[in-house]
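Structural overview for review
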Amino acid sequence: MKQEEITYLLQNPAAVTLDQTAALKEVLQEYPYFQAARAVRLKGLKNSNSLHYNKALKITAAYTTDRGVLFDLITSEEFNQNQIAEQIRKHEEQEKELSEEPSEKEEENLTLDKALKMKIRESEQVFDPDLFRKQEKTEKEETRLQIGRPLDFSKEENHSFSEWLKLSTATPVQRDEKPSEEKDDDFKSRKFDLINEFIAKNPKIAPVKSSKKANLAEENLISPEALMTETLARVYLEQKNYKKAIQAYKILILKNPEKSGFFADQIRAIEKLQENNS
């Protein structure tokens, strides 16, 4: 990628295309601390709804000195506009329409290719039919749960973003000491003990009958259920933390009863995914 093209993209990140997104990856391999280029590449991956976006976000966070700036970027209105992605989608649909009438030679190749794939599939079923069927079921549940799709953080989901970075498997760049995870594990364990207790008690909020002096200490305590969002539930899914994902959707059922059917379906899909992976 030429310097003029990079300069243009830095000034007009919304104009980044799929080819330029791929080219930026090569640039970053040579200049890994080029944070502005990483931001533009993130924009390109988000526009194309790429399965590589979530991983790229973790890597970008590892190279970013101020993650607050990164959070502001990915939650900005300009970053989340997908006009370019819509243009790409329409272009792909047009190309698909043009290729709907293959020539005789292409039809022959397609027939041979189809036959070959069927033979491969039959062979896989003969050697390990249970494994093949289990893989099919897993892929179906992952599609239903949108695993791998870009995570959408809103400006109010700083906690979800922090959990995504804290629980991610990405290692810090060029660190001499490895971070200890014991304190994080203890904190997470205590937090979800509170969540389980909340679900078990199923508390009801009674109306206030009389006004009393406010307890500022209590007001500053944020309950675990207040921090729960659909994005955070998806964060746990992306990290294959199915137990926490199920707990998250149970809390979301309490918070949003009007969507209880959808959340219940998500829980069932996760349980099937767990079963297929066991």
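Our subject in this report is the structure included herewith. Keep in mind that what you see is a predicted model, and the values were worked out from it rather than measured.

1. Section: the overall build of the protein
- Across its full length, the protein holds 16 helices and zero strands.
- Residues classed as buried in the protein amount to 31% of the 278 residues present.
- A fraction of 69% describes how many contacts in the protein between residues 6 or more apart in sequence connect residues 24 or more apart.
- If you sum the accessible surface of the protein, you get close to 19,500 Å²; carbon and sulfur atoms cover 51% of it.

2. Regarding helix α14 (residues 230-238)
- α14 sits mainly inside the fold: eight of its nine residues count as buried.
- For α14, every residue scored as buried is listed here: Thr231, Leu232, Ala233, Arg234, Val235, Tyr236, Leu237 and Glu238.
- Phi turns positive, to about 60 degrees, at lysine 240, one or two residues after α14.

3. Some words on the environment of glutamate 238
- Examined against the element boundaries, glutamate 238 turns out to sit in helix α14.
- In this structure, the C-alpha to C-alpha distance between glutamate 238 and leucine 151, residues 87 residues apart in sequence, is 9.1 Å.
- If near-sequence neighbours (up to four positions away) are discounted, glutamate 238 is found in contact with Asn54, Gln146, Ile147, Gly148, Arg149, Leu151 and Trp164.

4. A short note on the nonpolar core
- The biggest cluster of nonpolar side chains holds 34 residues, and the ones touching the most others in it are Leu57, Ile74, Phe153, Phe161, Tyr249 and Ile270.
- Elements represented by at least two residues in this core include exactly α3 (35-47), α4 (53-63), α5 (67-74), α10 (158-167), α14, α15 (242-255) and α16 (260-277).
- Sorting elements by how many residues they give to this core places α15 first, with seven residues.
- Counting residues in hydrophobic clusters, the runner-up holds six residues, among them Val16, Leu28, Ala37 and Val40.

5. Regarding the pattern of salt bridges
- By the definition in use, this model includes five salt bridges.
- Glutamate 141 is paired through a salt bridge with arginine 144; the nearest N and O atoms lie 3.8 Å apart. With glutamate 141 and arginine 144 both in helix α9 (residues 129-144) and three residues apart, the pair spans about one turn of that helix.
- Using a relative accessible area of 5% as the deciding quantity, one classes glutamate 141 as buried.
- As a salt-bridge pair, aspartate 265 and arginine 268 come within 2.3 Å of each other at their nearest N and O atoms. Linking aspartate 265 with arginine 268, this pair stays in helix α16, spanning three residues, or about one helical turn.
- The exposure class assigned to aspartate 265 is partly exposed, which follows from its relative accessible area of 36%.

6. A word on the layout of surface pockets
- By volume, the second largest pocket amounts to about 330 Å³.
- Of all elements in the fold, only α2 (18-30), α3 and α4 reach the threshold of two or more residues within the lining of the second largest pocket.
- Here the lining of the second largest pocket takes six residues from α2, the largest share from any one element.

7. A word on the packing of aromatic side chains
- Following the criterion strictly, the structure yields six aromatic pairs and no others.
- On the numbers, 5.5 Å between centres and 80 degrees between planes, the contact of phenylalanine 153 with phenylalanine 161 is edge-to-face.
- Accessibility expressed as a relative area gives 5% for phenylalanine 153, which makes it buried.
- Since its relative accessible area comes to 3%, phenylalanine 161 is described here as buried.
- Between tyrosine 249 and phenylalanine 263 the ring centres are 5.8 Å apart and the planes differ by 35 degrees, which places this aromatic pair in the tilted class. In this pair, tyrosine 249 is assigned in helix α15 and phenylalanine 263 in helix α16, connecting sequence segments 14 residues apart. We note that tyrosine 249, like phenylalanine 263, is buried.
- The structure contains a cluster of three or more aromatic residues connected by ring pairs, namely Phe71, Phe153 and Phe161.
- Arginine 38 extends its terminal NZ or CZ atom over the ring of tyrosine 63, reaching a point 4.2 Å from the ring centre.

Here is what the cut-offs are and how they apply
- The numbers attached to residues start from 1 for each chain and follow its sequence in the written order.
- Only residues with pLDDT of 70 or above have their local features reported here, since the model is predicted, and side-chain atom pairs are shown and tallied only from 80 upward, although totals for entire chains, interfaces and linings are computed over all residues.
- Only hydrogens and water are set aside when side-chain values are computed; all heavy atoms of the structure are taken into account.
- Secondary structure elements are defined from DSSP: runs of H or I of at least 4 residues count as helices, runs of E of at least 2 residues count as strands, and each element is numbered from the N terminus.
- The cut-offs for exposure are 20% and 50% of the maximum accessible area for each residue type, with area from a 1.4 Å probe on protein chains only; residues under the lower value are buried, those over the upper are exposed, and the others partly exposed.
- Whether two residues are in contact is decided by their heavy atoms, any of which lying within 4.5 Å being enough.
- Methods summary: accessible areas were calculated by the Shrake-Rupley approach with a probe of 1.4 Å, and residue burial reflects only the protein chains presented.
- We call a set of buried Ala, Val, Leu, Ile, Met, Phe, Trp, Tyr and Cys residues a nonpolar core when their side-chain atoms join them within 4.5 Å.
- The working definition used for a salt bridge is a side-chain nitrogen of Lys or Arg within 4 Å of a carboxyl oxygen of Asp or Glu.
- Residues are called lining when one of their atoms sits within 4 Å of a cavity or pocket point, these points coming from a 1 Å grid over the protein atoms alone, where a cavity is a set in which a 1.4 Å probe fits but cannot get out and a pocket is an open set with protein on both sides within 12 Å along at least five of seven lines.
- Grid points are joined across faces, edges and corners, and a volume is the space filled by probe spheres set on the points.
- Each aromatic pair joins two rings of Phe, Tyr and Trp (for Trp, the six-membered one) with centres within 6.5 Å, and gets the label stacked for planes under 30 degrees apart, edge-to-face for over 60, and tilted for any other angle.
- Counted as over-ring charges are cases with an Arg CZ or a Lys NZ within 6 Å of the ring centre that also lie within 35 degrees of the ring normal.

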